[in-house]
Amino acid sequence: MSDWLTAGLPHIWLPYTQMATAPAPLAVVATQGARIRLADGRELIDGLSSWWTACHGYNHPHIRAAVEAQLAALPHVMFAGLVHEPALRLAQRLAALLPGDLERVFFTESGSVAVEVALKMAIQYWRNQGQAEKKRIVYFRHAYHGDTFATMALCDPEEGMHALFAGTMPDQLMAELPSDDTMRRAFDLLLATHAGRLAAVIVEPLVQGAGGMKMHDAATLAFIAEACARHKVLLIADEIMTGFGRTGRMFACEEAGVIPDIVCLSKALTGGTLPLAATVARRHVFEAFLSDDPAAALMHGPTYMANPLACAAANASLDLFESEPRLAQVAAIEAQLRNELAPCRNLAGVADVRIKGAIGAVELGCQPGGSIDLNALRLRFAELGVWLRPFGNVVYLMPPFIIDAEDLATLTATVRQVLTERARQL
Ligand SMILES: *Cc1c(COP(=O)(O)O)cnc(C)c1O
């Protein structure tokens, strides 16, 4: 083992990890395209785009050149009272890409904080207009919006990772996704009943990610938007996972023709190179903060907000959406996932297979004897040369969009193999 590994591991606390029982993490020394190279010389095919960020694959030369040039000129400067070209260019480009008058961009450094800022915007939007009692948030079953306290309160209370902190968080309202007429009536009634106390509804459009890769159709999303408008409740679209092509369009909301009041972006924003997030507001939301009263201003400002290196990476990432056929690649990945992952449906122990854009999810059924051995599944995938990390009861693929058909076929074949081995033991 390398020196740094043996000396450093005893000082590291890993995320979402029971440190007493988890297998040792794999040591990575390099990445390239859709490959992760390990310290022991092995190479894994990446099926996850590093928590759904590396949409152009790893080490894209265009992003690297942009970050290197930015590093030489201006690595960082505070963003209060000072502005710089990478952030202003990026804000202008995001406004042009997003639908409607989503045109004011507030930069932060992580998805959770982008959601926190959206919550502040929504609550203060009403307060600034004399409706301070409109401050509760509606979220959906299976939702995931982050790990900070305000965002944990918007995660599915049973399936989320945060049941532990129940009672210490703001009490928000959970709704079912209104996917049929009965549920639409129930959702409408919920909004009608609570509208006077509601600031916003928050939704992951089309695909709920970390809550289990649950999918809903564009009509459901369009209904949510229409109901929010009718009941005078703001709509926050958390596109942190879905944004930048993952579901087949640049933004998932486009498929439903929905223009949310506030959109949250992060994950693939910089093409997986540097941390950056953005909360984007429509004109009427921004205008509710314009006043002679200093207390009406948005009081938020992360130290590293709008970091120029991250903004340069994000601009370079947007260049690549223009110069390379990303959305066509997503369509090809979707077709291949439909062909190659769907057969998993027939395996014992598989409850469902869901595919949307460059997302393929195989949901495992509950076993009579107990819970799913995630560590065993993860180890077996790595042993077979692929990087996959199932969570909860879901084995999922979210590869970089530049993955070639052969590597993707290896990923899907490996999923079929491992789930076939598992089916034999059930
Ligand atoms: C990942 C994610 C977040 C949280 O982002 P972080 O950068 O991990 O804080 C919020 N919402 C959604 C939909 C996400 O997928």
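Just so we're clear, the structure is a prediction, and the values are computed from it rather than from any experiment.

Conventions we followed
Residues numbered from 1 in each chain as written. Predicted model: local features only at pLDDT ≥ 70, side-chain atom pairs only at ≥ 80, totals over all residues. Heavy atoms only, no water. Helix = DSSP H or I, 4+ residues; strand = E, 2+ residues; numbered from the N terminus. Polar contact = N/O pair within 3.5 Å; in protein donor to acceptor, adjacent residues only side chain to side chain. Contact = heavy atoms within 4.5 Å. Near = heavy atom within 4 Å. Areas by Shrake-Rupley, 256 points an atom, 1.4 Å probe, with all protein chains shown as cover. Nonpolar A, V, L, I, M, F, W, Y, C, P; charged D, E, K, R; others polar. Pairing = 2+ DSSP bridges. Axes fitted to C-alpha atoms, helices over the stretch in contact; angles between N-to-C directions. Salt bridge = Lys/Arg side-chain N within 4 Å of Asp/Glu carboxyl O. Buried < 20%, exposed > 50% of the residue type's maximum accessible area, 1.4 Å probe, protein only. Core = buried A, V, L, I, M, F, W, Y, C linked by side-chain atoms within 4.5 Å. Domains from an automatic or database assignment. Parallel < 35°, antiparallel > 145°, perpendicular 65-115°, else oblique. Left-handed = near helix turned anticlockwise from the far one by under 90°.

So what exactly am I meant to see when it comes to the side chain of Thr412 here?
Among the structural elements, Thr412 can be located in helix α14 (residues 405–425). Separated by 3.1 Å, the side chain of Thr412 and the backbone oxygen of Ala409 make a polar contact. The contacts of Thr412, once residues within four sequence positions are left out, are Leu337, Glu340, Leu341 and Leu397.

Looking at this model, I keep getting lost on the site of the ligand. Mind explaining?
Looking at the ligand, the residues that line it are Trp52, Ser110, Gly111, Ser112, Tyr144, His145, Gly146, Glu204, Asp238, Ile240, Met241 and Lys267. At 2.8 Å, a backbone N or O of Gly111 approaches an oxygen atom of the ligand. Here a nitrogen atom of the ligand sits 2.7 Å away from a polar atom, N or O, in the side chain of Asp238. Relative to its unbound accessible surface of 380 Å², the ligand loses 83% to contact with the protein. For the shell around the ligand, the residue count by class is four nonpolar, five polar and three charged.

Sorry if this is basic, but what is going on with the sheet that holds strand β16 (residues 394–397) here?
The strands that make up a sheet pair up through hydrogen bonds in the backbone, lying either parallel or antiparallel. The strand order β13-β14-β16 describes an open sheet built from three strands, whose pairing is antiparallel. Looking at strand neighbours, the two that pair on one side only are β13 (350–356) and β16, the edges of this open sheet. Ignoring strand direction, the axes of neighbouring strands in this sheet form an average angle of 15°. When strand β14 (residues 359–364) meets β16, the two strands line up antiparallel, connected through four bridges. Bridge pairing in β16 places Val362 opposite Val395. Along the sheet, helix α12 (residues 326–341) contacts β13, β14 and β16; its crossing angle with β13, the most-contacted strand, is approximately 165°.

How should the pattern of salt bridges be read in this particular structure?
Side chains that carry opposite charge are capable of pairing whenever their charged atoms lie near each other. Counted according to the given criterion, the structure contains 22 salt bridges. A salt bridge links Lys214 to Glu363; its shortest N-O distance comes to 3.3 Å. One end of the pair, Lys214, is in strand β9 (residues 214–215); the other, Glu363, is in strand β14, and 149 residues separate them in sequence. The exposure class assigned to Glu363 is buried, which follows from its relative accessible area of 13%. Glu334 is the partner of Arg338 in a salt bridge, and the nearest nitrogen-oxygen pair spans 2.6 Å. Of this pair, Arg338 and Glu334 both sit in helix α12, four residues apart, roughly one helical turn. Here Arg338 falls in the partly exposed class, since its relative accessible area comes to 42%. Beyond isolated ion pairs, a larger network of salt bridges with shared partners links Lys214, Asp352, Arg354 and Glu363.

Could you clarify how one ought to interpret the nonpolar core in this entry?
Considering soluble globular proteins, one finds that nonpolar side chains tend to be buried as a cluster. Within the largest apolar cluster, 89 residues are counted, with the highest numbers of intra-cluster contacts made by Phe187, Val201, Phe244, Val362 and Val415. Residue-level mapping places this core at the junction of two domains, with at least three residues from each of domain 1 (3–56 + 325–425) and domain 2 (62–323). Excluding residues within four positions of it along the chain, Phe244 makes contact with Leu94, Met250, Phe251, Leu265, Ser266, Ala268, Leu269, Leu318, Phe321 and Phe401.

Explain the packing of helix α3 (residues 61–73) against helix α11 (residues 308–323) to me, please; I cannot follow it from the model alone.
The description of two packed helices rests on the angle between their axes and on the distance between the axes. It is the contact of α3 with α11, at a shortest axis distance of 8 Å, that shows an interaxial angle of 150°. Overall, the two elements α3 and α11 adopt an arrangement that is roughly antiparallel. In this structure, α3 crosses over α11, and the sense of that crossing is right-handed. Only Pro308, Leu309, Ala312, Ala313, Ala316, Ser317, Asp319 and Leu320 of α11 make contact with α3, whose side of the interface consists of His62, Ile63, Ala66, Val67, Gln70 and Leu71.

I keep staring at the sheet that holds strand β3 (residues 43–46) and nothing clicks. Help me out?
Spatially, β1-β2-β3-β15 is the arrangement adopted by the four strands of the open sheet, whose pairing is mixed. Every interior strand has two partners, whereas the edge strands, β1 (28–32) and β15 (386–387), have only one. Pairing analysis gives two bridges linking β3 to β15, with the strands arranged parallel. Bridge pairing in β15 places Ile45 opposite Val386. Against the sheet, α14 touches β2 (35–38), β3 and β15, its axis set at about 90° to β3.

Just to check I follow, could you spell out the side chain of Thr279 for this structure?
Along the chain, Thr279 falls in strand β12 (residues 277–282). Owing to a relative accessible area of 0%, Thr279 belongs among the buried residues under this scheme. Here the side chain of Thr279 touches Ala114 through a polar contact of 2.8 Å, landing on its backbone oxygen. Excluding residues within four positions of it along the chain, Thr279 makes contact with Arg104, Val105, Phe106, Ala114, Val117, Ala118, Met121, Ile262 and Val263.

This is a description of form; function is not addressed.
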